[in-house]
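# Structural description and commentary
Listed below are the residues making up each chain.
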Amino acid sequence: MAQRRVWLLVTVVVGTVLTLASTAALAQQSTLDVVRARGHLVCGVNNGLPGFGYLESDGSWSGFDIDYCRAVAAAVLGDPNAVEFVPLTAAERFIALQTGEIDVLIRNATWTLVRDTDLGLNFAPVTFFDGQGFMVPRDLGVTSLEDLAGASICVTSGTTTELNLADAFRARGLPFTPVVFEEIDTVYRAYEQGRCDAVTSDKSQLAGRRAIMADPEAHVILDETISKEPLAPVVRHGDDRWYDVVSWVVYATFFAEEKGITSQNVTTFQSPDPDVQRFLGQTGGLGAMLGLSNDWAIKVIQAVGNYAEIFDRNLGPLGLPRGLNRQWTDGGLLYAMPFR
Amino acid sequence: MVRPVPATTATTSPETANPIRWIRKNLFNTWYNSLLTVAAVAALAALAPRLARWAWHADWAVVSANMTLLLTGTYPRDQLWRLWAALLTVMSLFGLSAGAWRGNPRRWIGAAAVAAMLATTGPFQAPARGWLLGTCAGVAAGFMLGRGLTAWRRALWRRVLVALWVVSVPWIYLLLHGWAGSSWLPRVGPSAWGGLTLTLVLAIVGIVASFPLGILLALGRRSRLPAIRWVCTAYIECVRGVPLISILFMAQVLLPIFLPDYRIEHVVRAMVGITLFSAAYMAENVRGGLQGVPRGQIEAAHALGLNGIQTLALIVLPQALRAVLPAIVGQFISLLKDTSLVAVVGLLELLGIARSVLANPTWLGRQAEVYLFVAMVYFIFSFSMSSASRRLERALGLGER
């Protein structure tokens, strides 16, 4: 009896703490106002992912995700350098966002249903469609998955990567021999030593590994993608104004590429296209509707450039193909919503 | 009272005079020792040239180009003088203390001179060279000053010196952290501290804070009051029952859930985690020492009219701590190396910065060079700590009485 009362007490206390915690988080004002009052953006990032987030020798941050942090800061505060970068691990990234420690999480996070709903998060438009791909020696002359029929393929054991590989080949009715290793390093060493015809993993990882191989030019990453890893900026549920800002900053980078607006020509860009005129803040007053200045998009493009510039600057050196991350006009998935 | 240290290394026995006889006696005295010697030499001969060849051809540019980053992390580059000033403070205090406690002049002045020579000839930029030379001068001048002042008024001066060490802690914190709105020392929050600087800050805070906490816990565990004894025992056993990494994760992940209104810096969370963890082990080390103090000592102290606190502070603790000094230093060395675990909770200490450097497309694939450098830095600090503790043990006459 006494024991049951103790448990009841424990349950009530824990429940109260959690309720208080969640209401405290909900009762806050929009992150947009918080960021503006604070004078800088707090952005959760990855501090060690080639191409996406890392430190330069002079102590400054660089990378694809880092550039999107700067883009948001440029839109909201007019200054791409008004960012405090908080390096986070995979384990703590969502908690840091939920508890309000960071304003936005731009750290190669995959958009899934559970995260979108159960974790109380909102995903802005996908900035990078990652997915499982294949790397092969250039000499083999392989251009598509069908050419890999009967090939031996290096893969890490016990991961979804291994399951995706089997599914993809079974669906196409192709035979293959998996060459399985526990360690990621071993997988790539085996591939480089020619113990398998191809190696499979997420494309961003393949590109990072390719760049450190003895002769990167001797390997190609196939265009085909067999799994979905849409990476997107993340904000908290229930803060629609902030969500809109982050989303439209991403769209702005897509739109600028589509219309040929670059960091070089954005200040002098002239076009009869009404969409472009509204984008540049010449007409329409779109900035005010977002709660930003009317030249917000110019600030974004000036700071980081359009999507192609961001991609080429950060992921180009890794030899990563655009793949799905092409404009919708080129058969890719980047599709900016209309600026009107 | 410090006795002169007996020289232990410079023994001139006939064995060392004749190298062949020495080799025969130490390396080939039995058939299995001969076998081991041959095998070891063969292994070394096979590995050493390869290692040397690799080290020669390795691209050390990754280390030299990122040296400032590895040492100071993202600390603002125009504020680096503050870190240099902190180094100068600490090294001058070391010099003063060595002088006051009769350190070997040849060793200290000689080391300062050698360091100054390296600073003059080494590939340093102007400000770094100036600060390094200043630090060398600080050590040498401090040493001479410490000697002079001790000769003049020993007891007073040594007390002043202890006070200086105590004052230096808030001074260095102020220097590193600054405050918001200051033009002279603008605020540099702990989130910008990184690299070796952060490693040392974490280790020093952990050591300084866990030492008294550990002593209190050890005393509490031996307390006659059951409530205190149980609380201390439960704390010690709970903390010793989980790995440090899980405590760090709890500090990073659970604290913000329980305290949503307070934004505690990541670095501070790690400091708290490391301190609480280290204190539990410290408590057990100290308890071992306390148990080794004979009961007669306490009874004698009481007979002299000392009260409980005086007995503890003047009779029991000095003997207990002296006895477990090697264990305590061993724990501090492992604490220094354990700080590398904070890299997995997203802090950019030496190892975390190394990871970041390796993600820079310019330096991809340079793991071997970077990690070897990191290992060497850890080795230098761990080795210095253990050799300093050996000297302290000899000075205290440990293992001789």
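Residues numbered from 1 in each chain as written. Chains lettered and ligands numbered in written order. Predicted model: local features only at pLDDT ≥ 70, side-chain atom pairs only at ≥ 80, totals over all residues. Heavy atoms only, no water.

### Comments concerning the environment of Gly-39 of chain A
Residues and elements named next belong to chain A. Heads up, the rule is: Each helix corresponds to a stretch of at least 4 residues labelled H or I by DSSP, and each strand to a stretch of at least 2 residues labelled E; elements are numbered beginning at the N terminus. Throughout this description, buried means an accessible area under 20% of the type-specific maximum (1.4 Å probe, protein chains only), exposed means over 50%, and partly exposed covers the range between. Any pair of residues with heavy atoms lying within 4.5 Å of one another is described as a contacting pair.
Tracing the backbone through its elements, the reader meets Gly-39 in the loop between helix 2 (31-38) and strand 1 (41-45). Judged by its relative accessible area of 38%, Gly-39 is partly exposed. Sequence separation between Gly-39 and Val-83 is 44 residues, and the spatial gap between their C-alpha atoms is 8.9 Å. Beyond its immediate stretch of four places on either side in the chain, Gly-39 contacts Leu-77 and Ala-82.

### Focus: the interface of chain A and chain B
Note the threshold: Buried area is a sum: the accessible area each of two parts loses on coming together, probed at 1.4 Å, counted once for each and added. By definition, a salt bridge exists where a carboxyl oxygen of Asp or Glu is found within 4 Å of a side-chain nitrogen of Lys or Arg. Here a polar contact means two N or O atoms within 3.5 Å. Within protein one must be a hydrogen donor candidate and the other an acceptor candidate, and residues neighboring in sequence count only if both atoms are side-chain atoms. Under the scheme applied, nonpolar residues are Ala, Val, Leu, Ile, Met, Phe, Trp, Tyr, Cys and Pro; charged residues are Asp, Glu, Lys and Arg; polar residues are all the others, including Gly.
On the chain B side, the residues contacting the 33 residues of chain A number 31 residues. Per-residue buried area on chain A facing chain B is highest for Leu-55, Ser-57 and Glu-101 of chain A; these three make up 23% of the total on that side. Taken together, the links from chain A to chain B amount to one salt bridge. Note that Arg-269 of chain B and Glu-101 of chain A form a salt bridge whose closest N and O atoms lie 2.9 Å from each other. Run the count over chain A and chain B and you get seven residue pairs in polar contact (both at pLDDT 80 or more). Within the residue set of the side of chain A that touches chain B, elements represented by two or more residues are helix 1 (2-26), strand 2 (54-55), strand 4 (83-87) and helix 8 (203-211) of chain A. When residues of the side of chain A that touches chain B are assigned to their parent elements, the largest contribution, four residues, is made by helix 1 of chain A. Here the residues of the side of chain A that touches chain B are counted per class, giving 18 nonpolar, ten polar and five charged.

### Re the packing of aromatic side chains
Condition: Note on aromatic pairs: the rings of Phe, Tyr and Trp (six-membered ring only in Trp) are paired at centre separations within 6.5 Å, and the planes decide the class, stacked below 30 degrees, edge-to-face beyond 60, tilted for the rest. Any Lys NZ or Arg CZ that is within 6 Å of a ring centre and within 35 degrees of that ring's normal is treated as a charge sitting over the ring.
Evaluation of the coordinates by the stated rule reveals 29 aromatic pairs over all chains. Ring geometry for Phe-64 of chain A and Phe-128 of chain A: centres 5.9 Å apart, planes at 75°, overall edge-to-face. Of this pair, Phe-64 of chain A sits in helix 3 (residues 64-77) while Phe-128 of chain A is found in strand 7 (residues 128-130), placing the two residues 64 residues apart along the sequence. Phe-64 of chain A sits in the buried class, given a relative accessible area of 0%. Centroid distance Tyr-251 of chain A to Phe-254 of chain A: 6.3 Å. Interplanar angle 75°. Geometry classified as edge-to-face. Of this pair, Tyr-251 of chain A and Phe-254 of chain A both sit in helix 9 (residues 240-258), three residues apart, which is roughly one turn of the helix. Judged by its relative accessible area of 14%, Tyr-251 of chain A is buried. What makes Phe-254 of chain A buried here is its relative accessible area of 3%. Positioned above the aromatic ring of Trp-152 of chain B, the side-chain terminus of Arg-153 of chain B is 5.7 Å from the ring centre.

### A look at the sheet that holds strand 8 (residues 132-137) of chain A
Residue and element names in this part refer to chain A. Note the following rule: One bridge is not enough; two strands pair if DSSP finds at least two bridges between them. Each axis is a line fitted through C-alpha atoms, taken for helices only over the stretch in contact, and angles between the N-to-C directions span 0 to 180 degrees.
Taken in spatial order, the five strands line up as 10-9-11-8-12 in an open sheet, and their pairing is mixed. A strand with exactly one partner marks an edge of an open sheet, and here the two such strands are strand 10 (177-181) and strand 12 (219-221). On average, adjacent strands in this sheet sit at an angle of 30° to one another, irrespective of strand direction. By the bridge criterion, four bridges tie strand 8 to strand 11 (residues 198-202) in an arrangement that is antiparallel. Along strand 11, the bridge assignment pairs Gly-133 with Ser-201. Contacts from helix 7 (residues 184-192) reach strand 8, strand 9 (152-156), strand 10, strand 11 and strand 12, with the element oriented near 160° to strand 9.

### Section: the environment of Val-62 of chain B
Residue and element names in this part refer to chain B. Secondary-structure assignment places Val-62 in helix 4 (residues 61-65). Note on Val-62: relative accessible area 0%, which makes it buried. The sequence separation of Val-62 and Ala-52 amounts to ten residues, and the corresponding C-alpha distance is 18 Å.

### Here we look at the domain arrangement of chain B
Residues and elements named next belong to chain B. Spelled out, the test is: Residue ranges for the domains originate in an automatic or database domain assignment.
Domain boundaries in chain B define domain 1 (80-188) and domain 2 (191-401). Here domain 1 and domain 2 have C-alpha centroids that lie 25 Å from each other. Every contact between the two is made by seven residues of domain 1 and, on the other side, six residues of domain 2. Carbon and sulfur atoms supply 68% of the area buried between domain 1 and domain 2, which totals about 510 Å² over both sides. Considering only the side of domain 1, the residues that lose the most area to domain 2 are Arg-107, Leu-176 and Val-188, jointly responsible for 63% of the buried surface there. There are one salt bridge connecting domain 1 and domain 2. With a closest N to O distance of 3.7 Å, Arg-187 and Glu-265 form a salt bridge.

### Some remarks on the state of the cysteines
Stated formally: Two cysteine sulfur atoms make up a disulfide if the distance between them is within 2.5 Å.
Applying the stated rule across the entire model yields two disulfides over all chains. Cys-43 of chain A shares a disulfide with Cys-69 of chain A; S-S distance 2.0 Å. Between Cys-43 of chain A and Cys-69 of chain A, the S-S dihedral sits near -65°, and the bridge is therefore left-handed. Note that Cys-43 of chain A is positioned in strand 1 and Cys-69 of chain A in helix 3, a separation of 26 residues in sequence. Here Cys-154 of chain A engages in a disulfide with Cys-196 of chain A; their sulfurs sit 1.9 Å apart. Of note, the bridge from Cys-154 of chain A to Cys-196 of chain A carries an S-S torsion of about -105° and is left-handed in sense. Taken together, the positions of Cys-154 of chain A in strand 9 and Cys-196 of chain A in the loop between helix 7 and strand 11 put the pair 42 residues apart, joining distant regions of the chain. In terms of burial, Cys-154 of chain A and Cys-196 of chain A fall into one category: buried. For chain A, the bonded cysteines connect in the pattern 1-2, 3-4 when numbered consecutively along the sequence. Residue Cys-238 of chain B stays outside any disulfide, its sulfur separated by 12 Å from that of Cys-232 of chain B, the closest cysteine.

### What about the domain arrangement of chain A?
Residue and element names in this part refer to chain A. Taken domain by domain, chain A comprises domain 1 (31-129 + 230-330) and domain 2 (132-227). A C-alpha centroid distance of 31 Å is found between domain 1 and domain 2. Taken together, both faces of the contact between domain 1 and domain 2 bury some 690 Å²; the carbon and sulfur share is 67%. Its largest share of buried area at the contact with domain 2, domain 1 owes to Leu-318, Leu-320 and Pro-321, together 53% of the area lost on that side. Across the contact surface, domain 1 and domain 2 share one salt bridge. Our count for the domain 1 to domain 2 interface comes out at zero residue pairs in polar contact (both at pLDDT 80 or more). Broken down by class, the residue content of the side of domain 1 that touches domain 2 amounts to five nonpolar, two polar and one charged.

### A look at a nonpolar patch on the surface
Residue and element names in this part refer to chain B. Definition in use: Each patch groups residues whose relative accessible area exceeds 30% and which form no salt bridge, using 9 Å between like charges and 5 Å between nonpolar side chains of Val, Leu, Ile, Met, Phe, Trp and Tyr. In short, Shrake-Rupley with a 1.4 Å probe defines the accessible areas, and a residue's cover is counted only from the protein chains shown.
Taken together, the side chains of Trp-22, Ile-23, Leu-27, Phe-28 and Val-38 present a nonpolar region at the surface, about 410 Å² in accessible area. Looking at the nonpolar patch, the element that brings in the most residues is helix 2 (residues 19-27), giving three residues. Take Val-38: it is sitting in helix 3 (residues 31-57). By relative accessible area, Val-38 is classed as exposed at 51%.

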